[in-house]
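Structural description and commentary
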Amino acid sequence: MKKNLFFTILLLPAFLLQTYAQNKTDRALLRKADETLQFAARQYKLMMKHVPDSLLPRTTNSKDGSLMTSNSGWWTSGFYPGTTWYLYEYTKDPAFKAEALKRMELVKKEQYNTHTHDLGFMMYCPYGNALRFTGDTAYKTILLTSARSLATRFNPTVGCIKSWDHGTWKFPVIIDNMMNLELLNWATRVSGDKQFEQIARTHANTTIKNHFRPDYSSYHVIDYDPATGAVFQKKTHQGAADGSAWSRGQAWGLYGYTAMYRDTKDKAYLDQARHIADYILSQRNMPADLVPYWDYDAPGIPNVPRDVSAAAVTASALLELSRYTDKANSKRYWQAAEKMLISLCSPAYLAKEGENNDFILMHSVGSLPHKSEVDVPLTYADYYFVEALMRYKGIL
Ligand code: GLY
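Here the residue numbers are simple positions, counted from 1 along each chain's written sequence. Residue-level local features of this predicted model are given only where pLDDT is at least 70; pairs of side-chain atoms are given and counted only at 80 or more, and the full residue set underlies all totals for whole chains, interfaces and linings. Hydrogens are left out, water is left out, and the side-chain values use all remaining heavy atoms of the structure.

Some remarks on the overall build of the chain
Secondary structure follows DSSP: runs of H or I at least 4 residues long count as helices, runs of E at least 2 residues long count as strands, and numbering of each begins at the N terminus. Secondary structure summary: the chain contains twelve helices and nine strands in total. For the chain, the spread of C-alpha atoms along the three principal axes comes to 70 × 50 × 45 Å. Type-normalised accessible area, obtained with a 1.4 Å probe on protein chains alone, sets the label of each residue: buried when under 20%, exposed when over 50%, and partly exposed for intermediate values. Taking all 396 residues of the chain together, 57% fall into the buried category. Residues are treated as being in contact if the distance between any of their heavy atoms lies within 4.5 Å. Taking all contacts inside the chain whose residues are at least 6 apart in sequence as the whole, residues at least 24 apart take part in 66%. All accessibility values rest on the Shrake-Rupley procedure with a 1.4 Å probe; residue burial counts only the protein chains present in the view. As presented, the chain carries roughly 16500 Å² of accessible surface, and 55% of it is formed by carbon and sulfur atoms.

In structure tokens:
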């Protein structure tokens, strides 16, 4: 009894101090999140004015600093209308809804695209948000068609959805593919057809088996033999080396398994997400501000580019994961996400108003080995950043 009293007297002030400090961080970041979302809304209002009507923003052209756009077939086409839906939800400004609807018309035809696995990004970000924020059931038909198109790429012998049709690969599956499974789970919930979720589960299970190393870092590409399902090779495409941990790939895995747990409540997916989170947060090469270098094993660290998109995806995923774990881990994940967001909201990464081609964040990396989109803004960094800020504020 005396011993307990002694510890209470000794530890209580430290506990209260820690709680006070945490509450102070929470309050400061809540204010900062509002300021930043308001800034993001102003910035995207500027962007709306100069993106040609028939195109979608993509990044900054590193040759001349101009805005680089894409057509709807590029894998990032859904992020800009997806972000404008988030900003509509935050501001209730009808200009964002009008802009989202206008750009979604461009993306709509991709529901029939059976030549890519990226339909989760391209269709679920804009149309999923549209459905969520308007309740308009017309979007369901488009999303179900998209899910059917995605499902055509599933090979039951491999147990995965094929990622790419390009290159000399036999049956390439990239870790990024985990991000498309939400669309399939949604399709089962809405249609009652169990096949979609079964494909998602099988893909997620095969990926657990073959994509991860013993430390829970992941390979980027697993190339399968489509006739037997055997692993043919384990490679990278956008990472520093076959055996390295490409930062955004780790973030896609974390987000993907967290979403799989949300949709299925299967504990194996929660465990996988936690292992990935723990891998990321224990990286010796993780900078103090928790905005990762483009690859956790990049040669030349610390003199290599950061990848802000990896930080944005990781932060958003950690905020969700923190809701599913025990108290101690929940706090750890939440605080890591807070630290990432505090960094991303700082002038080191947040653009100045009217600059950065009106993207919100600077300093992302698309594919360094291909010398493509290095140290530039990217639509998906903006999308997951805005999502993370809204999750932090409890709006989503
Ligand atoms: N899904 C492609 C990328 O993350 O670059």
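Picking up after the structure, the text goes on.
Some thoughts on the pattern of salt bridges
The working definition used for a salt bridge is a side-chain nitrogen of Lys or Arg within 4 Å of a carboxyl oxygen of Asp or Glu. Here the structure, examined in full by the defined rule, presents 25 salt bridges. A salt bridge links D53 to K102; the nearest nitrogen and oxygen atoms lie 2.9 Å apart. One end of the pair, D53, is in the loop between α1 (2-50) and β1 (56-60); the other, K102, is in helix α3 (residues 94-107), and 49 residues separate them in sequence. The partner of R391 in a salt bridge is E387, and the shortest N-O contact between them spans 3.7 Å. In this pair, R391 and E387 both sit in helix α12 (residues 379-392), four residues apart, roughly one turn of the helix.

Observations concerning unusual backbone geometry
For residues besides glycine, phi is generally negative; the peptide bonds are generally trans as well. Here the residue pair I301 and P302 is connected by a cis peptide bond, since its omega of 15° sits within 30 degrees of zero. Mapped onto the fold, P302 is located in the loop between α9 (267-281) and α10 (308-321). Residues other than glycine seldom take positive phi values, yet N356 does so here, at roughly 65°. Position of N356 among the secondary structure elements: in the loop between α11 (327-344) and β8 (364-367). For N356, a relative accessible area of 17% puts it in the buried group.

Section: the nonpolar core
Nine residue types can take part in a nonpolar core, namely buried Ala, Val, Leu, Ile, Met, Phe, Trp, Tyr and Cys, and a core is a set of them joined through side-chain atoms within 4.5 Å. In terms of nonpolar packing, the biggest core is built from 116 residues, with Y384 and F385 touching the most fellow members. If we ignore the near neighbours within four places in the chain, the residues touching Y384 are F79, F121, C125, M179, W252, Y255, A312, V313 and S316. Residues V158, F171, I222 and Y224 belong to the second largest nonpolar core, which totals seven residues.

Quick word on the environment of G249
Here G249 is to be found in helix α8 (residues 247-264). In contact with G249, not counting residues within four places along its chain, are I175 and S218.

So, the site of the ligand
For the ligand, the full set of nearby residues is W75, D176, Q238, W246, R248 and W252. For this analysis, a polar contact is any N or O atom pair within 3.5 Å, provided that within protein one partner can donate a hydrogen and the other can accept it, and provided that sequence-adjacent residues contribute only side-chain to side-chain pairs. Contact distances for the ligand include 2.7 Å between a nitrogen atom and a side-chain N or O atom of D176. Here the ligand, which alone exposes 200 Å², has 94% of that area covered by the protein. When residues are grouped by polarity, Ala, Val, Leu, Ile, Met, Phe, Trp, Tyr, Cys and Pro land in nonpolar, Asp, Glu, Lys and Arg in charged, and all others, Gly among them, in polar. Residues belonging to the shell around the ligand are distributed by class as follows: three nonpolar, one polar and two charged. Only a single heavy atom is needed: when it lies within 4 Å of a molecule or strand, its residue is near that molecule or strand.

A few points about the environment of Y324
Looking at the secondary structure, you find Y324 in the loop between α10 and α11. For Y324, a relative accessible area of 17% puts it in the buried group. In this structure, Y324 is in contact with T258, Y261, R262 and L270, ignoring residues within four places of it in sequence. A polar contact is formed between the side chain of Y324 and the side chain of E320, at a distance of 2.4 Å.

Description of the sheet that holds strand β6 (residues 221-224)
Strand pairing follows a simple DSSP-based rule, namely that at least 2 bridges must link the two strands. Ordered by their spatial adjacency, three strands build an open sheet running β5-β6-β7, and the pairing between neighbours is antiparallel. Two strands close off the open sheet at either side, each with one partner strand: β5 (172-174) and β7 (231-235). Direction aside, neighbouring strands of the sheet carry axes that sit 20° apart on average. Sheet topology places β5 next to β6; three bridges connect them, and they run antiparallel. Bridging across to β6, P172 finds its partner in D223. Note on method: axes are straight lines fitted to C-alpha atoms, helices fitted across the in-contact stretch only, with angles between N-to-C directions ranging 0 to 180 degrees. Running over the sheet, helix α7 (residues 194-211) touches β5, β6 and β7 and is turned about 105° from β6.

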